Amino acid sequence: MKTPITSLLLLIVLWMSCCASDSNESIQDETQEMEDSTETLEGVASVTDLAVSGEENQYSFNVTIASDDLGCQQYADWWEVIDTNGKLLYRRILAHSHVNEQPFTRSGGPIALDQNTEVYVRAHMNTTGYGENAFKGSVKNGFTAFNLDIGFAAEVLNEAPLPNGCAF
């Protein structure tokens with residue numbers, strides 16, 4: 001004679017065996033979708049704000065960056081100022097990741113720059129390179145957010161100064 005608990009367990013086992021293949025396929029599909037979306041997420045470094053102080057040929061830039069930092073394996077490793085011809089004018093090395101400090105601001109200078117010279121300010125990620133979210137402008141006229149082609153002035157990528165490691 002079967003007890004109510006035994007009957008209930010038997011029903012659960014039958015239900016699980018019946019539906020397991022459907023639910024396993026569903027779980028596998030959801031897992032694959034999550035893996036696919038993870039593979040398409042790339043770490044980027046974006047300039048989100050910029051402030052300039054100082055005097056001509058001795059400016060300090062305070063650059064705010066939002067980046068997908070994960071630690072030393074993936075982090076924003078510099079920001080730079082380049083002119084509209086692609087010449088590197090200044091590069092600020094970021095010596096560590098900013099996992100728990102997003103967005104973050106770092107200053108750099110002095111930057112030898114005429115107040116009328118139009119420049120781009122962009123950030124670089126150690127794993128994916130330059131981000132397209134940059135700022136464009138001049139000290140005299142101000143700076144605004146600008147989508148800069150990530151391949152612009154790619155030749156400066158290996159110019160000094162370059163990072164020599166990541167502290168944390």
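The preceding data block contains the structure.
Reference entry: report on the structure contained in this document. (Residues numbered from 1 in each chain as written. Predicted model: local features only at pLDDT ≥ 70, side-chain atom pairs only at ≥ 80, totals over all residues. Heavy atoms only, no water.)

Cis geometry marks the peptide bond from G109 to P110, where omega comes out at 0°. Mapped onto the elements of the fold, P110 is located in strand β5 (residues 104–111). Unusually for a residue other than glycine, N57 sits at a positive phi of about 70°. Among the secondary structure elements, N57 is positioned in the loop between β1 (45–55) and β2 (58–67). Since its relative accessible area comes to 43%, N57 is described here as partly exposed. (Helix = DSSP H or I, 4+ residues; strand = E, 2+ residues; numbered from the N terminus. Buried < 20%, exposed > 50% of the residue type's maximum accessible area, 1.4 Å probe, protein only.)

The next subject is the pattern of salt bridges. Side chains that carry opposite charge are capable of pairing whenever their charged atoms lie near each other. Using the criterion set out here, one finds 4 salt bridges in the structure. Residue K136 is joined to E118 by a salt bridge in which the shortest nitrogen-to-oxygen separation is 3.8 Å. Separated by 18 residues along the polypeptide, K136 in strand β8 (residues 133–138) and E118 in the loop between β5 and β6 (119–125) bring together distant segments of the chain. Residue class for K136 comes out partly exposed when judged on its relative accessible area of 22%. For E118, a relative accessible area of 39% corresponds to the partly exposed category. Taken together, the shared-partner salt bridges in this structure form one network comprising E80, R91 and R122. (Salt bridge = Lys/Arg side-chain N within 4 Å of Asp/Glu carboxyl O.)

Within the fold, V81 resides in strand β3 (residues 76–83). Since its relative accessible area comes to 0%, V81 is described here as buried. Separated by 41 residues in the primary sequence, V81 and R122 place their C-alpha atoms 6.8 Å from one another. With near-sequence residues (within four places) excluded, V81 lies in contact with F61, K87, L88, L89, Y90, I111, V119, Y120 and V121. (Contact = heavy atoms within 4.5 Å.)

Bringing the sheet that holds β2 into the picture now. In space, the 3 strands of this open sheet follow the order β1-β2-β5, with antiparallel pairing throughout. Whereas interior strands pair on both sides, the edge strands pair on one side only; in this sheet they are β1 and β5. In this sheet, neighbouring strand axes are inclined to one another by 20° on average, regardless of whether the strands run parallel or antiparallel. Relative to β2, β1 runs antiparallel, the two sharing 10 bridges. When the sheet's bridge partners are listed, S53 is paired in β2 with S60. (Pairing = 2+ DSSP bridges. Axes fitted to C-alpha atoms, helices over the stretch in contact; angles between N-to-C directions.)

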